Amino acid sequence: MRKILVLFAHPKYEHSDANFALIQAIKDLEHVEVRDLYELYPDFNINVQVEQEILFEYEVVIWHHPIYWYSCPPLLKQWIDLVLEYGWAYGPSGIFLKNKYVLNAVTSGGSQEIYSHQGRNRYTMEEFLRPFEATAYLCNMRYLPHFHVGGTHLITKEELEDKAKEYQNLILTLRDADQIPIPFIQKP
Amino acid sequence: MDGFLFNAIIYILAAIVCVPIAKKLGMGSVLGYLIAGILVGPYGFGFIKDETQGQDIMHSTEFGVVMMLFLIGLELEPKNLWKMRDLILKVGLTQVLVTAGLIFGFGLALGVDWRISLAAGFSMALSSTAIVLQSLKEKNQLDSPSGKMSFGVLLMQDIAVIPILAILPLLAVAVPATSGESHGGLLEHQPGWMQTLMIFGAIGLVVFLGRFGFGPLLNWVSKTKLRELFTASALLIVVGIAFLMELVGLSPALGTFLAGVILANSPYKHALESDLDPFKGLLLGLFFMAVGATINFNLIFSDVGTVLSLTLGVMIIKSLVLTGIGYAKKLSLSENLGFSIGLAQVSEFSFVTYAFALQLGIFATSTSDLLMAITALSMTFTPILSLGLDKLILPVLEKRNEKPKREADSIEGKNKVILVGFSHFGSTMGRFLRANGVEATVMDYNPDQVDLLRKMGFKVYFGDATRLDLLHAAGAETAKILISAINSTETNKKLFELCREHFPNLEVMIRAKNRYEAFELMELGVENIYREHLDTSIRMGQEALEKLGFRAYTVQRLAAQFRKYDEDSLKILAQYKNNQSEYISRVRKQIEIQETLLSGELSRKFSLNDHAWDSDQMKEPKN
């Protein structure tokens, strides 16, 4: 069983039905820890040492956040800036994240369809998430394909329930599978 | 076997035996008291010789109803009264008029004189505030839809008593038959219109006193800080108004209710409530027992059929009217049943109106006796019916339409936060909470301060928060957080210990003057401590550094680190100190803390150890 750390960043969680449903579906699973970053660090003063100690214990990390302006909310970026230190996460002695799995779980107001070369946003979600992929790459992590819930403004209750179930299943697979059956990107 | 003490023992003993049993059986205290009354009454064990004696007790304990109405009035701010206007006017007025009309019609149909029918109709349209509110409170249903509607109806009825009592003199044909019974009213021999006028005059006086008289009196008394004097003043207000009302031949309950509503906005609300509550409870208990004791079983048994059918008839009419209203207001079936059966009895006010009508010569003594028997019986039946409803019918109904119920996260009517101390510190916080839609129940012990703040539109109550009963009155059982913003260490400690002992679920947050006080509070086990100078002093230092050329964001982060370090080190010190001998003097202790903190900081060098967004390390290897 792998231990899974969900780093959840949403500046107005109380207004997000989609993220509420997703978090509800996974928060009580065994070996799954949800860290609500905006609740922990409302002043953006991230406790780097604590965060690093926690990361050390987990094999799978999930950056769970809504997409704002084609990226993550600022606190998650702040987390990446501060916690993934030179000499700890990357660089000469930066080996502490090596071989850990990581992926983005994102929600977006725009539907999944408009994130395509033909769609209004002109790029795919995968392309928008390249900075995260690169971050993981530099840290010798195993970057898994993202999980995406699109069109959250118009999503029906049933669709949302399905998506939450899907998210739960993904997490269970990551937790329980002997070999994670999903292809990933890692620095050779 | 007469004597006051003996009687007192009998009553109290009966109550102590019957009420707990009744409550155990789920019957509610009212029925318990009624049964206790029947048992000690002339037809039970006969401790009380005849109904007259029971009636005497009833008359003297009617004062419990008076007090209850005063307390209910206190709970009802004019603002809330205004919010309920629709409920009161439409629901309440419909109930009173339709019920009175139906009973009047039946009376006429049965060949009763129209004056008697009308007087009886109006009297019987009223339901018992005492019984209904007590039961609703015990079942915790005051805030349910049916509870709110019941309250609206009861309130309209309470208000309706004014016109009813004002109309009754006009019904009197001749000069009142001097039946010997005299209230010593000033107005005994005045013409009807004059009486009506005087009644409105008296009500005006109560409103005037409530507005301008009682506040200053209580303020003046509270400055003596003698609690019993405050209680005495509270009693004086209630007794005084009752006296005035009796003087003009009005229901004292109504006058005190009015005074209560006017005082509902006053800072002394909670203090008055907690001081009068025990009196009310005892007197009401006695009152219910007296009702039980006055049930004239001779009269009932001499004509069981008539009395029972009349009683049931009245109750059925009342329930049907109420059911109709409940249906129109879209109550669910179970709510509606509770609402209509709960209010099916005749009111204790009716005893007053009967007596008044008797005095005015509208009723003959026999009529009055019959009506009283009906009233007392209906009062006994409704709790039994409600019990049956709760135990037998509602479970079936609820099973049938079981809905997924979402748990309510707020207790309506009660605030989640109690804020103690409304000085500069407390008021700033109170304003912040309010700006975010959180109303706090505020308590302060400085009468002048309270007055001033209330003038400025804050909801502040006068009271010493270390009084347990006041904490109860402020809703400490249901509140989530108690915030103490007072700066007296001793009071804070006392308050914390009181809360820990009596309200274990209440989270206590305490303002501490300085780190030494914080230290003492920590030793006591307080978890949420807020040093009043900590944030301001750090913020000031932060801005000083900025003026010296530090970048604002860096300083902001360093300040947060410093603050955390400061709080943490105090916690560590507190743990460490606990193991040492207790004999270190206070001053010595303070110096030691100061020393430890200073030396710790020197070795920490905050800005030197800050490596966030630092690229120096990365540059080095490339050299």
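Under an unreviewed UniProt entry, chain B has the name Potassium transporter and belongs to Algoriphagus lacus. One UniProt comment on chain B, placed under Subcellular location (unreviewed entry), says "Endomembrane system". One UniProt comment on chain B, placed under Sequence similarities (unreviewed entry), says "Belongs to the monovalent cation:proton antiporter 2 (CPA2) transporter (TC 2.A.37) family."

Looking at an unreviewed UniProt entry, chain A carries the name Sodium:proton antiporter, with the source organism given as Algoriphagus lacus.

Draft legend 1. Representation of the overall build of chain A in the model. When helices and strands are counted, chain A shows 7 helices and 6 strands. Counting helices and strands in the order they occur from the N terminus, chain A gives β-α-β-α-α-β-α-β-α-α-β-β-α. Per-residue burial for chain A yields a buried fraction of 50% across its 188 residues. For chain A, the proportion of contacts with a sequence separation of at least 24, taken over those separated by at least 6, is 76%. Here chain A has roughly 9600 Å² of accessible surface; of this, 52% comes from carbon and sulfur atoms.

Draft legend 2. View of the nonpolar core. Residue and element names in this part refer to chain B. Counting 116 residues, the largest nonpolar core has F70, L168, L272 and F363 as the members making the most contacts within it. Broken down by element, the residue count for this core peaks at 12 residues, all from helix α8 (residues 145-171). Beyond its immediate stretch of four places on either side in the chain, L272 contacts F70, L74, L218, F230, A234 and L263.

Draft legend 3. Seen up close, the interface of chain A and chain B. Opposite the 9 residues of chain A that make contact, chain B presents 10 residues. Note on chain A versus chain B: buried area summed over both sides is about 750 Å², and carbon and sulfur give 54% of it. For the chain A face of the interface with chain B, the top three residues by lost area are A:N45, A:L82 and A:Y86, together amounting to 57%. Across the contact surface, chain A and chain B share 0 salt bridges. Summed over the shared surface of chain A and chain B, the result is 1 residue pair in polar contact (both at pLDDT 80 or more).

Draft legend 4. Focus on the packing of helix α14 (residues 304-328) of chain B against helix α15 (residues 333-342) of chain B. All names here are of chain B. Their axes nearest at 8 Å, the elements α14 and α15 cross at an angle of 145 degrees. As α14 runs across α15, the sense of the crossing is right-handed. The segment α14 lies against α15, with S319, L322, T323, G326 and Y327 engaging N336, F339 and S340. Of the residues in the contact of α14 with α15, the class split is 3 nonpolar, 5 polar and no charged.

Draft legend 5. Quick look at the sheet that holds strand β1 (residues 417-420) of chain B. All names here are of chain B. Read across the sheet, 6 strands follow the order β3-β2-β1-β4-β5-β6 without closing on themselves; strand pairing throughout is parallel. Sheet topology places β3 (460-462) and β6 (528-531) at the edges, where each strand pairs with a single neighbour. Adjacent strand axes in the sheet meet at a mean angle of 20 degrees when their direction is disregarded.

Draft legend 6. Molecular detail of the pairing of strand β2 (residues 440-444) of chain B. Residues and elements named next belong to chain B. In terms of burial, β2 is largely enclosed, as 5 of its 5 residues are buried. Burial of the side chains of β2 extends over both faces: A440, V442 and D444 are buried on one face and T441 and M443 on the other. With helix α18 (residues 424-435) bridging β1 and its parallel neighbour β2, the resulting β-α-β unit is right-handed. Sheet analysis places β2 next to β3, joined by 3 bridges and oriented parallel. Each bridged residue has a counterpart across the sheet, and for M443 the counterpart in β3 is Y461.

Draft legend 7. Inspection of a nonpolar patch on the surface at higher detail. On the surface, B:I9, B:L13, B:V17, B:I21 and B:L25 cluster together to form a nonpolar patch covering roughly 480 Å² of accessible area. For B:I21, the location among the structural elements is in helix α1 (residues 4-24).

Draft legend 8. Unusual backbone geometry, seen in detail. Positive phi, normally seen in glycine, also occurs at A:W69, with a value near 45 degrees. Its place among the elements puts A:W69 in the loop between β3 (60-66) and α4 (74-83). A positive phi angle is found at B:K330, which is not glycine, with a value near 60 degrees. Looking at where B:K330 falls in the secondary structure, it is placed in the loop between α14 and α15.

Rules of the game
Residues numbered from 1 in each chain as written. Chains lettered and ligands numbered in written order. Predicted model: local features only at pLDDT ≥ 70, side-chain atom pairs only at ≥ 80, totals over all residues. Heavy atoms only, no water. UniProt positions renumbered as here; feature names shortened; annotations may be inferred. Helix = DSSP H or I, 4+ residues; strand = E, 2+ residues; numbered from the N terminus. Buried < 20%, exposed > 50% of the residue type's maximum accessible area, 1.4 Å probe, protein only. Contact = heavy atoms within 4.5 Å. Areas by Shrake-Rupley, 256 points an atom, 1.4 Å probe, with all protein chains shown as cover. Core = buried A, V, L, I, M, F, W, Y, C linked by side-chain atoms within 4.5 Å. Buried area = accessible area lost by both parts, 1.4 Å probe. Salt bridge = Lys/Arg side-chain N within 4 Å of Asp/Glu carboxyl O. Polar contact = N/O pair within 3.5 Å; in protein donor to acceptor, adjacent residues only side chain to side chain. Axes fitted to C-alpha atoms, helices over the stretch in contact; angles between N-to-C directions. Left-handed = near helix turned anticlockwise from the far one by under 90°. Nonpolar A, V, L, I, M, F, W, Y, C, P; charged D, E, K, R; others polar. Pairing = 2+ DSSP bridges. Right-handed = clockwise from strand over helix to strand, strands pointing away. Patch = residues over 30% accessible without salt bridge, like charges linked within 9 Å, V, L, I, M, F, W, Y side chains within 5 Å.

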